[in-house]
Amino acid sequence: MKSLYNDKELVYVKKNTKMFQRSLTAFLTAALVTTSFGGQGIVFAKAKKKASPSVSLTVTNPAISMLSLKKGETFQLKVKVTTKKKAKKVTFRSTKSSIVSVNKKGKCKAKKAGKAKVIVSCGKKKSEVQKIIDQAQTMTLEELALKAYEESNGKKFSGVGNSSRGATALPFFVEYVNEIAKKNGKGEYTLEADWQQPKNNTIFEMLDTDAKKSQGQFSMTLIQDGNQIESKMVQTGILDRFIPKDWAEANGTTAEKYKGYLALQTLNKVFMYNCTGDKTYDNVWDFVAEGEHGLFMDIDSEVVGRNFLYMLTKDEYAKSLKEAYDALGATEKAYVDKAVSAVEAKATEFKLGENGKYALAWIKLWVESYSAQTDDGPICNMLVDKSAKDQFGLLVYSKLRSVTESDSVSKNNVKVAAYEDGYKGFGGYGYCHYLFVTDNSPLPWTACAFIAYMTCTQKGFEAWGKDIGGYSSNPAVAKANDEAHPDHKTGEKDGKTYDVLKDRGFDWWESRLAIEDPEYCAKVAYTVGRWIDSLKKYGK
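Residues numbered from 1 in each chain as written. Predicted model: local features only at pLDDT ≥ 70, side-chain atom pairs only at ≥ 80, totals over all residues. Heavy atoms only, no water.

Describing the overall build of the chain
- Helix and strand counts for the chain stand at 19 helices and 25 strands.
- A total of 540 residues make up the chain; the buried ones form 54% of that total.
- Long-range contacts, defined as pairs at least 24 residues apart, comprise 76% of the intrachain contacts of the chain with a sequence gap of at least 6.
- Looking at the chain as shown, the accessible area adds up to about 24400 Å², and 47% of this sits on carbon and sulfur atoms. (Helix = DSSP H or I, 4+ residues; strand = E, 2+ residues; numbered from the N terminus. Buried < 20%, exposed > 50% of the residue type's maximum accessible area, 1.4 Å probe, protein only. Contact = heavy atoms within 4.5 Å. Areas by Shrake-Rupley, 256 points an atom, 1.4 Å probe, with all protein chains shown as cover.)

Here we look at the pairing of strand β10 (residues 107-110)
- Alternating positions in β10 separate cleanly, C108 and A110 being buried on one face and K107 and K109 remaining unburied on the opposite face.
- Judged from the three bridges that link them, strand β6 (residues 74-76) and β10 form a sheet pairing that is antiparallel. Looking at β10, one finds that T74 is bridged to K109.
- Sheet topology note: the strand β9 (residues 100-102)/β10 ladder contains three bridges and is antiparallel. Within the sheet, the bridge partner assigned to S101 lies in β10 and is K109.
- In textbook terms, the turn of a hairpin is the stretch between consecutive antiparallel strands, and for β9 and β10 this stretch comprises four residues, one of which, G106, has a positive phi near 85°. (Pairing = 2+ DSSP bridges.)

Describing the side chain of Q228
- Mapped onto the elements of the fold, Q228 is located in helix α6 (residues 226-234).
- A relative accessible area of 11% places Q228 in the buried class.
- A polar contact of 2.6 Å, which involves the side chain of Q228, links it to the side chain of D225.
- Residues in contact with Q228, not counting those within four places in the same chain, are N201, F204, M233 and V303. (Polar contact = N/O pair within 3.5 Å; in protein donor to acceptor, adjacent residues only side chain to side chain.)

A short note on the nonpolar core
- Core analysis: the largest hydrophobic core is formed by 82 residues, its most contacted members being F271, W285, L312, W362 and W366.
- A total of nine residues in this core trace back to one element, the largest contributor, which is helix α11 (residues 356-367).
- Beyond its immediate chain neighbours, meaning those up to four positions away, L312 contacts Y317, A318, L321, A359, W362, I363, F426 and A514. (Core = buried A, V, L, I, M, F, W, Y, C linked by side-chain atoms within 4.5 Å.)

A look at the packing of aromatic side chains
- What the rule picks out here adds up to 35 aromatic pairs.
- A ring pair is formed by Y149 and Y189, whose centres lie 6.0 Å apart and whose planes are at 35°; its orientation type is tilted. Taken together, the positions of Y149 in helix α3 (residues 141-152) and Y189 in the loop between α4 (166-183) and β13 (191-196) put the pair 40 residues apart, joining distant regions of the chain.
- A relative accessible area of 13% means that Y149 is categorised as buried.
- For Y189, a relative accessible area of 1% corresponds to the buried category.
- On the basis of an interplanar angle of 40° and a centroid distance of 6.3 Å, the ring pair of W366 and F392 is categorised as tilted. (Phe/Tyr/Trp six-rings, centres within 6.5 Å; stacked < 30°, edge-to-face > 60°.)

Observations regarding the confidence of the model for the chain
- Per-residue pLDDT for the chain has a mean of 86; in total, 85% of the residues score no lower than 70.
- Contacts for the low-pLDDT stretch residues 1-54, under 50 throughout, to residues beyond four places or in other chains number 146 contacts. (pLDDT = per-residue confidence, 0-100.)

A closer look at the side chain of N283
- Considering the arrangement of structural elements, one finds N283 in the loop between β16 (263-274) and β17 (295-297).
- Residue N283 is classed as buried on the basis of its relative accessible area of 4%.
- A polar side-chain atom of N283 sits 2.9 Å from the main-chain carbonyl oxygen of A324.
- Apart from residues lying up to four places away in sequence, N283 is in contact with A324, A327, L328, Y423 and K424.

Structural notes on the sheet that holds β10
- One open sheet accounts for three strands, arranged β6-β10-β9; its pairing is antiparallel. On the outer flanks of this sheet lie β6 and β9, each paired with one strand and no other. This sheet shows a mean twist of 20° between the axes of neighbouring strands, independent of strand direction. (Axes fitted to C-alpha atoms, helices over the stretch in contact; angles between N-to-C directions.)

Considerations on the pattern of salt bridges
- Summed over all chains, the structure comprises 24 salt bridges.
- A salt bridge links K212 to D208, with the shortest nitrogen-to-oxygen separation between them at 2.8 Å.
- Here K212 falls in the exposed class, since its relative accessible area comes to 64%.
- The class for D208 is partly exposed, based on a relative accessible area of 30%.
- Two residues, E249 and K245, come together in a salt bridge whose shortest N-O distance is 2.7 Å. In this pair, E249 and K245 are both assigned in helix α7 (residues 245-250), four residues apart and thus about one turn of the helix distant.
- Given a relative accessible area of 28%, K245 falls into the partly exposed group.
- Bridged by salt links that share partners, the residues D298, D300, R306, D533 and K537 form one connected network. (Salt bridge = Lys/Arg side-chain N within 4 Å of Asp/Glu carboxyl O.)

Description of the packing of helix α2 (residues 128-136) against helix α13 (residues 444-456)
- Relative orientation of the contacting elements α2 and α13 amounts to 40°, with a least axis distance of 10 Å. It follows that α2 is oblique to α13 by the angle criterion. Regarding α2 and α13, the two cross each other, and that crossing is right-handed. The residues of α13 that touch α2, namely those facing V129, I132, I133, Q135 and A136, are P444, W445 and C448. (Parallel < 35°, antiparallel > 145°, perpendicular 65-115°, else oblique. Left-handed = near helix turned anticlockwise from the far one by under 90°.)

Focus: α2
- Buried residues of α2: V129, I132, I133 and A136, and no others. Down the axis of α2, the smallest arc covering the buried residues is 105°, so these residues share one side.
- At its buried positions, α2 is contacted by α3, β15 (239-240), β21 (428-438) and α13. (Arc of directions from axis to C-beta.)

Section: unusual backbone geometry
- Of note in the backbone geometry, D390 takes a positive phi value of approximately 70° without being a glycine.
- Inspection of the secondary structure assignment puts D390 in the loop between α12 (376-383) and β19 (392-396).
- By relative accessible area, D390 is classed as partly exposed at 24%.
- With a phi angle near 55°, D494 is a residue other than glycine that sits in the positive phi range.
- By the secondary structure assignment, D494 is in the loop between β23 (492-493) and β24 (496-497).
- With a relative accessible area of 70%, D494 lands in the exposed category.

A closer look at the pairing of strand β12 (residues 155-161)
- Among the seven residues that make up β12, five are buried, leaving the element largely enclosed by the rest of the structure.
- Relative to β13, β12 runs parallel, the two being bridged by six bridges. Its bridge partner being in β13, K155 is matched across the sheet by L191.
- Taken together, the three bridges between β12 and strand β14 (residues 220-223) define a ladder with parallel strand orientation. Bridged to G161 within β14 is L222.

Rendered as structure tokens:
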């Protein structure tokens, strides 16, 4: 077959016509295939086991045996649902949305070469782990602890996370289960704890590989990067959401009503600058002013930084940028205006809001000026040295706690920009550590109990709560953590007081951070993300 396009930019769709034209019950698997070689992609359609005899699902479009899409083109899947009762919702998901994405209405978009399946489903067919989660969401933490005792006593429990502190929390969890066991007249509870922290953002590959087993190695995960979680883990069915009953009640909701992911905590990365010189930063546009080169972990090495840029295009944050722009002087505006003019057409193309061009302008200036670093620790160590006069960075707030004072190094050498009077615009960004149960979890009850323990008790959160800049998603735990660590408010460290360590808390920071929204990030990742990739980074 001779292609009209370069083979690397084609999406091929081939279907078994008979399978597509007859009614299927509840679940149907179709496939979109992008190939990087000549010829046609080999794909299949398969009806899965019936989930409900009263529901049938028919894919009515595509109605041809082969569909070729150029990279970037779209195709609308159409289905017909027949049911004797109330109409059931049809859902669509892609097994690899980085190759082929699909929205809630069945609109598919070809992105790059590779292979992926688009799963079309109607009705509900839950896995055994999901059935356990349904029960677990009705139980208190104590009840879950007893379930963990019955399920995992004497066994090995494996978890994987972006944070190493899961390993710190697990022994406290074992102590808690033992307390509940003793209270209920049971013997000692033992658990072999295995916690892994993969490097270089390979956690997604590890979970994807583990998901291919009928029973996985990992029972749960603590994971960051809402965009990839949404597209690679949740839409593909690899991770299952669990909302503890006690957590839901503390937040004034229920597991059924709450629609988001379960966050252990929100962390903040904030603009800080060395204050040993005369320079000040009182506007978020100051960080992208001509000649500025802030220290920042490269967006290709820590993807939550990329999500931060995506979030700036959301209306509320774009509006904040416009308001900060309005506060600039004429000279500063003239410099920014050049960037605004350069991106205005893109803002229209991406269908952003009225202030979208200011968001893209800030992103452009930032990507083309920041000095890429490999980790926040070295950034912090550079900024607190008096030799870094007039330098600034965007980094995790909690890193300041680990600074050791010396003749040239001090926490007093830096300021948090957003804490300064008259500061305009956002002061950094917030992202979450999310908790999920794996869909093939070998110990799902224990996973639910451990997740509930970390999100519903101060001691369970202590591994993270001991530092500033990390805020529990449970208001009761957040309050208890503040009481356990009064130094977070007073700024005391090693017998001294530092203004920069006086954490003002999440309630104060919430309106001053661009906070990650997984669904929004996934929505704009392709358009805004590809545009960001086209920008020339500083020093490259």
